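A structural walkthrough
Given next are the chains, with one letter for each unit.
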Number of protein chains: 2
Amino acid sequence: MGSPETATSLPVILLHRPPELDSSPIIPRLKDFYRVIDPHEESDSDPSAQTLFRSVRLLLCLARPPVTSDVLDRYPSLELVIATSAGIDHIDLAECRRRGIKVTGNAGVFSDDVADYAVGLLIDVLRRVSEADRFLRAGLWPVKGEFPLGSRVGGKRVGIVGLGSIGMRVSKRLEAFGCVVAYKSRKINPNVSYPYYADILELASWSDILILSCSSTKETYHIVDKGVMKALGKKGIIINIGRGALIDEEELVRMLSSGEIGGAGLDVFENEPEVPKQLFEMENVVLSPHRAVLTPESFAELQKVIMHNLEAFFSNKPLMGELDIE
Amino acid sequence: MGSPETATSLPVILLHRPPELDSSPIIPRLKDFYRVIDPHEESDSDPSAQTLFRSVRLLLCLARPPVTSDVLDRYPSLELVIATSAGIDHIDLAECRRRGIKVTGNAGVFSDDVADYAVGLLIDVLRRVSEADRFLRAGLWPVKGEFPLGSRVGGKRVGIVGLGSIGMRVSKRLEAFGCVVAYKSRKINPNVSYPYYADILELASWSDILILSCSSTKETYHIVDKGVMKALGKKGIIINIGRGALIDEEELVRMLSSGEIGGAGLDVFENEPEVPKQLFEMENVVLSPHRAVLTPESFAELQKVIMHNLEAFFSNKPLMGELDIE
């Protein structure tokens, strides 16, 4: 914890992290300006640690450790939780609201990266890019001759599920390709002219491609189920850059396998890092290890947001990316 | 050649095709309206065939058979050559001009498909999509843990070599991703505000990514050579959806292998379908079997253009996609 003279004069922040995440490039930077308390490095029986825990006002999450009411009970003076991940499904927002604790998110720094990746997966599945790359690397071009044609991107009807910061960026990109966009969201977005579908079944029936860019909540658990996939149809494609829990994965694998839907680009899965092995043999899917969200560039932007919010909090200035949890 | 009564009353078109291309979905449609002469099915010693060859006014190329002065000599009454491929490097345009023969191209029906694919390759290489897909299919996610991050698309400086129908569509798409575009072309395009570089070395020095969307001509042969790749630099990426001959492929393979350039997305190669085997082992390349150009949708559009131009020619109406070969 550094030398007591200097360390105790600095504002205190509590680092909340999964046990396995024992280093992050931001920690050394933090320690120049803050006294960083890491419960994994403190003894629970140390009375001075307990005093610190009871007095700490700010909790900084690294990665996605659960922020439950039990966790919040340990730090009764909390005023702010800083989330640093793309999603915030690890934080009990209702409990934060009840206790009057503010929550800041990633301030949209990941949204461009995720949107880029969603479009990349869409082009890849439609135009069979990864499949073509496998075909070449297996030495099949001179042997088998012409590789089958993919399908045009332009003119496709794309249903976006969740037209938030990411979904909006996906739609902006897809317009440049000549795709036709419609969406389902918690509420109608008055700033866009895309058709709105309250019912995901109707959106799926209309769509050639469904892109999942909504939050993972109790309400969106398995929002893409057998019925939605049936509505999407045999040529339909699903792109998931949201969360694995948005899709009934077992049903997805079965319907891809039987040809009841056409293809999928999946960056997220229900039990990461485990991925259903049947997918590994399929040509009509593109699989990715939860990498849509992050590039070194967005990580650098995120660090700026974190440093800004820490300083803003301790000097009563406006926060960036504060979530509306009312 | 059908029944003589009906066949001889139809306008005559000469099918010019590579010997191995003995079927095409357009041929049966053609035969409903035209007398289709296929030299591969005629005997050279048949005097009536010779008479037909001398009188034929229109030559329809299927795929990319060479249209040399020798070929043109065989058909002295030619007035129009209809090309149906994306590139037209198989046609001796100077010779056509000299003889007063018009040439029509694909009227841009492939441009959107090629541009989509170029952007798909760019996202794929930058964000490591195909590489991530290999990682998952090899079962490495649970074993090796987090897959390395790719690089952000937005903010990248993209040098487009050839700002024609395809290059313009690439730039329009990349603007939606927040890329910064500059270009080299035969001449300055007065309709765009992108910086113009007359010298490809200077363009490469400025660029994070070079996209090759120019024609393959004597002037552009190996336009990307060792010097250009050195100027592009260690992190530089090359996307080639033009023609294999645009790049010194041997040098490309060597510089990718030594890390002197960062990566490549290659849809075309110098000796297709042969691809340098060293590329198959590289993680920083995405390889594709000359598939950027075509989807079933663009092929259907092309058929419409061909049928239109046949009818227009025989009824003296304006042609679509006539090339400016003056």
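Since this is a predicted model, take the numbers as computed values, not measurements.

1. Regarding unusual backbone geometry
Cis peptide bonds are those with omega within 30 degrees of zero, and the linkage from A:Glu272 to A:Pro273 qualifies with 5°. Within the secondary structure, A:Pro273 is located in the loop between β10 (263–266) and β11 (285–287). Its identity as a non-glycine residue notwithstanding, B:Ala107 has a phi of 55°, on the positive side. The residue B:Ala107 is located in the loop between β5 (102–104) and α6 (111–127) in this model. Despite not being glycine, B:His290 shows a phi value in the positive range, around 50°. Classification of B:His290 by relative accessible area gives buried; the value is 17%.

2. Observations regarding the nonpolar core
Taken as a class, soluble globular proteins show a tendency for nonpolar side chains to be buried jointly. Ranked by size, the top nonpolar core spans 182 residues in total, and within it A:Leu30, A:Val224, A:Leu279, B:Leu30, B:Val224 and B:Leu279 carry the most contacts. Core analysis: the next-biggest nonpolar cluster, separate from the first, contains 20 residues, A:Val12, A:Val56, A:Leu78 and A:Ile91 among them.

3. Structural notes on helix α6 (residues 111–127) of chain A
Residues and elements named next belong to chain A. Taking 1.5 Å per residue as the helical rise, α6 with its 17 residues ought to reach 24 Å, and the 24 Å between its terminal C-alpha atoms agrees with that figure. Most of α6 is tucked away: 16 of the 17 residues are buried. Phi turns positive, to about 60°, at arginine 128, one or two residues after α6.

4. Quick word on the environment of B:Ile237
Residues and elements named next belong to chain B. Along the polypeptide, isoleucine 237 turns up in strand β9 (residues 237–240). With a relative accessible area of 9%, isoleucine 237 lands in the buried category. Considered as a pair, isoleucine 237 and leucine 122 are 115 residues apart in the sequence and their alpha carbons are 8.3 Å apart. Leave out the neighbours within four places in its chain, and isoleucine 237 touches Val125, Leu126, Asp208, Ile209, Leu210, Leu232 and Gly263.

5. Comments concerning the interface of chain A and chain B
With 59 residues of chain A in contact, the opposing surface of chain B contributes 59 residues. Between chain A and chain B the total buried area reaches about 5000 Å² when both faces are included, carbon and sulfur atoms providing 58% of it. Our count for the contact surface shared by chain A and chain B stands at 12 salt bridges. The partner of B:Arg134 in a salt bridge is A:Asp133, and the shortest N-O contact between them spans 3.0 Å. On the surface where chain A and chain B come into contact, there are 35 residue pairs in polar contact (both at pLDDT 80 or more).

6. Regarding the environment of A:Arg169
Residue and element names in this part refer to chain A. Residue position: arginine 169 is located in helix α9 (residues 165–176). Leaving out residues up to four positions away in the same chain, arginine 169 has contacts with Ser111, Asp112 and Ala115. A polar contact is formed between the side chain of arginine 169 and the side chain of aspartate 112, at a distance of 3.2 Å.

7. A word on the relation of the copies chain A and chain B
These two copies of the chain differ by a rotation about an axis and a displacement along the same axis. The two copies are related by a screw motion: chain A maps onto chain B through a turn of 180° and a shift of 0.0 Å along the axis, at an RMSD of 0.1 Å. Put plainly, the chains are arranged around a two-fold axis. Taking the C-alpha atom as reference, chain A places A:Ser130 closest to the rotation axis, 2.5 Å from it. A shared binding surface is used by both copies, with 100% of the interface residues of chain A retained as interface residues in chain B.

Calculation notes
Residues numbered from 1 in each chain as written. Chains lettered and ligands numbered in written order. Predicted model: local features only at pLDDT ≥ 70, side-chain atom pairs only at ≥ 80, totals over all residues. Heavy atoms only, no water. Helix = DSSP H or I, 4+ residues; strand = E, 2+ residues; numbered from the N terminus. Buried < 20%, exposed > 50% of the residue type's maximum accessible area, 1.4 Å probe, protein only. Core = buried A, V, L, I, M, F, W, Y, C linked by side-chain atoms within 4.5 Å. Expected span 1.5 Å × (residues − 1). Contact = heavy atoms within 4.5 Å. Buried area = accessible area lost by both parts, 1.4 Å probe. Salt bridge = Lys/Arg side-chain N within 4 Å of Asp/Glu carboxyl O. Polar contact = N/O pair within 3.5 Å; in protein donor to acceptor, adjacent residues only side chain to side chain. Least-squares fit on C-alpha atoms with pLDDT ≥ 70 in both.

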